[in-house]
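What follows is the residue order along each chain.
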Amino acid sequence: MKKIVMNLIVLLCLAGILQAQDAPPGNEKNDFQSVTERTYSDVLDTVFPREIEEKNSTDWQITLRFHADSAPESQVVIRKTVTGVSVTHYRAKKAAVFTSINFWLNEHGREDVVEMSKLIEVERREVPVKRRDVMNWHDGFFASALKSTQEIRYLSGEFDRKGSWGVWLHGTRYQLWYEHNTTKIHYRFVDQEIHDTKVNGELALVRWMNQVRLFVQKNSSK
């Protein structure tokens with residue numbers, strides 16, 4: 001998807017237009033409601049589990065979650081234990097989770113994480129990956145995270161340099177959790193829309209996530 005650049009005046013005008021559009025006239029309600037971010041996240045955590053199993057034997061775990069605009073949500077869990085490694089691929093079947101639970105909300109008029117989660121069909125596959133490859137991913141995660149920290153620092157000064165900044169429209173939301181012992185790190189980005197065959201992304205960490213995703217997708221279908 002294209003990245004557009006907006007200056008501050010345009011952004012303020014756009015925000016005013018969107019606010020006006022979102023505010024219903026009088027006491028009328030919007031025709032179609034959307035679930036809250038909290039409910040959406042809770043449903044995803046239910047159907048895409050990311051809690052560490054067998055914590056005593058787990059060295060570290062990396063969870064990658066993809067909220068694409070053009071495809072159902074998916075998740076990859078990479079885990080290293082004291083005895084080996086495992087890679088699990090989760091993918092929503094048929095329709096996107098966000099779409100399904102929004103239809104349920106508009107039909108029933110309330111948000112219910114338990115009932116909404118029952119709607120979602122998820123494909124779960126254990127993907128065969130060599131220990132060497134998993135350890136290379138682990139090293140790649142830290143290298144790309146460090147590089148992305150530098151990239152984000154540079155981007156944070158974009159407005160001061162140019163008087164504008166770029167935003168993604170209809171891109172993919174990327175989330176990553178890293179857990180080791182009592183250490184927990186959570187990343188969240190909006191970047192280029194995922195691609196079926198090529199690694200993309202402006203940030204190094206997003207490119208690393210897409211590299212892992214494509215490898216897992218290819219090997220989970222075998």
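Anyway, here's the lowdown on the structure attached to this text. The numbers attached to residues start from 1 for each chain and follow its sequence in the written order. Where totals are concerned, whole chains, interfaces and linings use all residues; where local detail is concerned, this predicted model gives features only for residues with pLDDT of at least 70, and gives and counts side-chain atom pairs only at 80 or more. As a rule here, side-chain values cover all heavy atoms of the structure and leave hydrogens and water aside.

Below, the discussion takes up the sheet that holds strand S7 (residues 172–180). Pairing between two strands requires that DSSP report at least two bridges joining them. Secondary structure elements are defined from DSSP: runs of H or I of at least 4 residues count as helices, runs of E of at least 2 residues count as strands, and each element is numbered from the N terminus. Taken in spatial order, the 6 strands of this open sheet run S5-S4-S3-S2-S7-S8, and their pairing is antiparallel. Looking along the sheet, the strands with just one partner apiece sit at the ends: strand S5 (122–126) and strand S8 (183–191). Each neighbouring strand pair of the sheet contributes to a mean axis angle of 10°, computed without reference to strand direction. Here strand S2 (residues 58–67) runs beside strand S3 (residues 74–81); their pairing, made up of 8 bridges, is antiparallel. In the sheet register, Ile62 faces S3, and the bridge partner there is Ile78. Against the sheet, helix H5 (residues 131–155) touches S2, S3, strand S4 (85–92), S7 and S8, its axis set at about 60° to S2. In this analysis an axis means a line fitted to C-alpha atoms, helices contributing only their contacting stretch, and an angle means the value between N-to-C directions, from 0 to 180 degrees. Here, two residues are considered to be in contact whenever any of their heavy atoms come within 4.5 Å of each other.

As for its position among the elements, Gln61 is in strand S2. When the C-alpha atoms of Gln61 and Asn181 are compared, they prove to be 9.5 Å apart, with 120 residues separating the residues in sequence. Those residues in contact with Gln61, other than ones at most four positions away along the chain, are Arg50, Glu51, Ile52, Val77, Ile78, Arg79, Trp177, Tyr178 and Glu179. Of note is the side chain of Gln61, whose polar atom sits 3.0 Å from the backbone oxygen of Arg50. Any pair of nitrogen or oxygen atoms within 3.5 Å is treated as a polar contact; in protein, a donor-acceptor pairing is required on top of that, and neighbouring residues in sequence qualify only through side-chain atoms on both sides.

Turning our eyes to something else, we now look at the nonpolar core. For this analysis, a nonpolar core means a set of buried residues of the types Ala, Val, Leu, Ile, Met, Phe, Trp, Tyr and Cys, connected via side-chain atoms within 4.5 Å. Accessibility here uses a 1.4 Å probe with only protein chains present; expressed as a share of the type maximum, an area under 20% marks a residue as buried, one over 50% as exposed, and anything in between as partly exposed. Of all hydrophobic cores here, the largest spans 26 residues; its most connected members are Ile62, Leu64, Ile78, Val87, Trp137, Leu176 and Trp208. Counting residues per element, this core draws most heavily on helix H7 (residues 204–220), at 6 residues. Excluding anything up to four places from it in sequence, Trp137 contacts Ile78, Val87, Val129, Trp208, Val212, Phe215 and Val216. Val35, Leu44, Val47 and Ala92 belong to the second-largest nonpolar core, a separate cluster that totals 15 residues.

With that out of the way, let us pick up the packing of aromatic side chains. Only rings of Phe, Tyr and Trp enter the pairing, Trp through its six-membered ring, and a pair is recorded when the two centres are within 6.5 Å. The plane angle decides the type: under 30 degrees is stacked, over 60 is edge-to-face, the rest tilted. In the structure shown here, the tally under the stated rule is 11 aromatic pairs. Between Tyr40 and Phe98, the ring centres sit 5.0 Å apart and the planes meet at 70°, which makes this aromatic pair edge-to-face. With Tyr40 in helix H2 (residues 37–47) and Phe98 in helix H3 (residues 97–108), this residue pair connects regions lying 58 residues apart in the sequence. Under the relative-accessibility criterion, Phe98 is labelled partly exposed at 33%. Between Phe142 and Tyr178, the ring centres sit 5.3 Å apart and the planes meet at 75°, which makes this aromatic pair edge-to-face.

Okay, the pairing of S7 next. Each regular strand displays side chains that alternate between the two surfaces of the sheet. The buried fraction of S7 is high, at 7 of 9 residues. Sheet analysis places S2 next to S7, joined by 8 bridges and oriented antiparallel. Of the residues in S7, the one forming a bridge with Phe66 is Tyr174. Examined bridge by bridge, S7 and S8 share 9 bridges and lie antiparallel to one another. Looking at S8, one finds that His180 is bridged to Thr183.

Secondary-structure assignment places Thr88 in strand S4. For Thr88, a relative accessible area of 7% translates into the label buried. A polar side-chain atom of Thr88 sits 3.0 Å from a polar atom in the side chain of Glu126.

In this section: the pattern of salt bridges. Salt-bridge detection follows one rule: a side-chain nitrogen of Lys or Arg within 4 Å of a carboxyl oxygen of Asp or Glu. Evaluation of the coordinates by the stated rule reveals 13 salt bridges. Residue Glu37 pairs with Arg173 through a salt bridge whose shortest N-O separation is 2.6 Å. Remark: Arg173 occurs in strand S7 and Glu37 occurs in helix H2; sequence separation between them is 136 residues. What makes Arg173 partly exposed here is its relative accessible area of 22%. One salt-bridge network, held together by shared partners, links Glu37, Arg173 and Arg188.

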